[in-house]
Amino acid sequence: MSAQAPNAPPATDATSYLDLGISLAINNWPALTLAVESNWGGPKSDDKRDWLCGAISDMLADRPETDAEDLEDVLIQVMNDEFDVVVDDDTAADVAQLIMEMKEQTARQDFSSIQDLWEKYQKKSQQKSATAAMFKQVEAKDEDQETDDEEDDDAGDVDMDDAPSLVRAPREKAEPEVDEDGFTMVSKKR
């Protein structure tokens, strides 16, 4: 079994819904999201997150006795081993509990909470895409403005070959004063 990617179409059966729910829970975990976006797990941090989703799905299928504490331990261990992140807040427990609740719901053929999560994820993804597009437009305008500014600056440039040097000569270190008892005198620095 492998976890379904969050950008895949909605699931159709209990197993697919659970895989989707696992992926959504993992992708919405702020600690892991930060680790992936920052590449703390290396250049393939996204793949590690996807692997984690699949590993959790397999674990729940292969070991039905798994509980929220077992799952929390796995989440904490993976964050530590794969992303060099020590999770010391309760977010791993929250994610584990959410996944276990989704497991129980899908066993009862109740997919409503996963569908709600899916819809929220889709809206969030669309907002991110719109924000990224706006940022690129603003960035492009800024680059055009900088090019215009640079052209204006070049026209008024003055040749600075004869400018004085700003590097100071090193100061001579004062020799320490030793009194008649052999103690070194400490002087205040200015």
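These numbers were taken from a predicted model, which means no experiment stands behind them. (Residues numbered from 1 in each chain as written. Predicted model: local features only at pLDDT ≥ 70, side-chain atom pairs only at ≥ 80, totals over all residues. Heavy atoms only, no water.)

### Points about unusual backbone geometry
Thought 1: In the Ramachandran plot, Asn39 falls in the positive-phi region, its phi being about 60 degrees despite a non-glycine side chain.
Thought 2: With respect to the element layout, Asn39 can be found in the loop between helix 2 (30-37) and helix 3 (45-62).
Thought 3: The phi angle at Gln109 is positive, at roughly 65 degrees, despite the residue not being glycine. (Helix = DSSP H or I, 4+ residues; strand = E, 2+ residues; numbered from the N terminus.)

### Looking at the layout of surface pockets
Thought 1: Estimated volume of the second largest pocket: approximately 230 Å³.
Thought 2: Along the walls of the second largest pocket sit Asn27, Asn28, Pro30, Thr33, Val36, Glu37, Arg49, Tyr121, Lys124, Ser125 and Lys128, which together make up its complete lining.
Thought 3: Breaking the lining of the second largest pocket down by element, the ones donating at least two residues are helix 2 and helix 6 (112-155).
Thought 4: Here the residues of the lining of the second largest pocket are counted per class, giving three nonpolar, four polar and four charged. (1 Å grid on protein atoms, 1.4 Å probe; cavity = no way out; pocket = protein on both sides within 12 Å on 5 of 7 lines; lining within 4 Å. Points joined across faces, edges and corners; volume = space filled by probe spheres on them. Nonpolar A, V, L, I, M, F, W, Y, C, P; charged D, E, K, R; others polar.)

### A look at the nonpolar core
Thought 1: Formed by 35 residues in total, the largest nonpolar core has its most connected members in Ile26, Ile56, Leu75 and Ile99.
Thought 2: Those elements that place two or more of their residues in this core are helix 1 (14-27), helix 2, helix 3, helix 4 (68-83), helix 5 (91-107) and helix 6. (Core = buried A, V, L, I, M, F, W, Y, C linked by side-chain atoms within 4.5 Å. Buried < 20%, exposed > 50% of the residue type's maximum accessible area, 1.4 Å probe, protein only.)

### What about helix 2?
Each α-helix turn comprises 3.6 residues. Residues three or four places apart therefore point the same way.
Thought 1: Of the residues making up helix 2, those classed as buried are Leu32, Thr33, Ala35 and Val36. Projected down its long axis, helix 2 carries its buried residues within an arc of 165 degrees, all on one side. For helix 2, exposure combined with an orientation more than 90 degrees from the buried face picks out Pro30 and Glu37.
Thought 2: Residues of helix 2 that are buried in the fold lie against helix 1, helix 3 and helix 4.
Thought 3: At the exit of helix 2 stands Asn39, carrying a positive phi of roughly 60 degrees. (Arc of directions from axis to C-beta. Contact = heavy atoms within 4.5 Å.)

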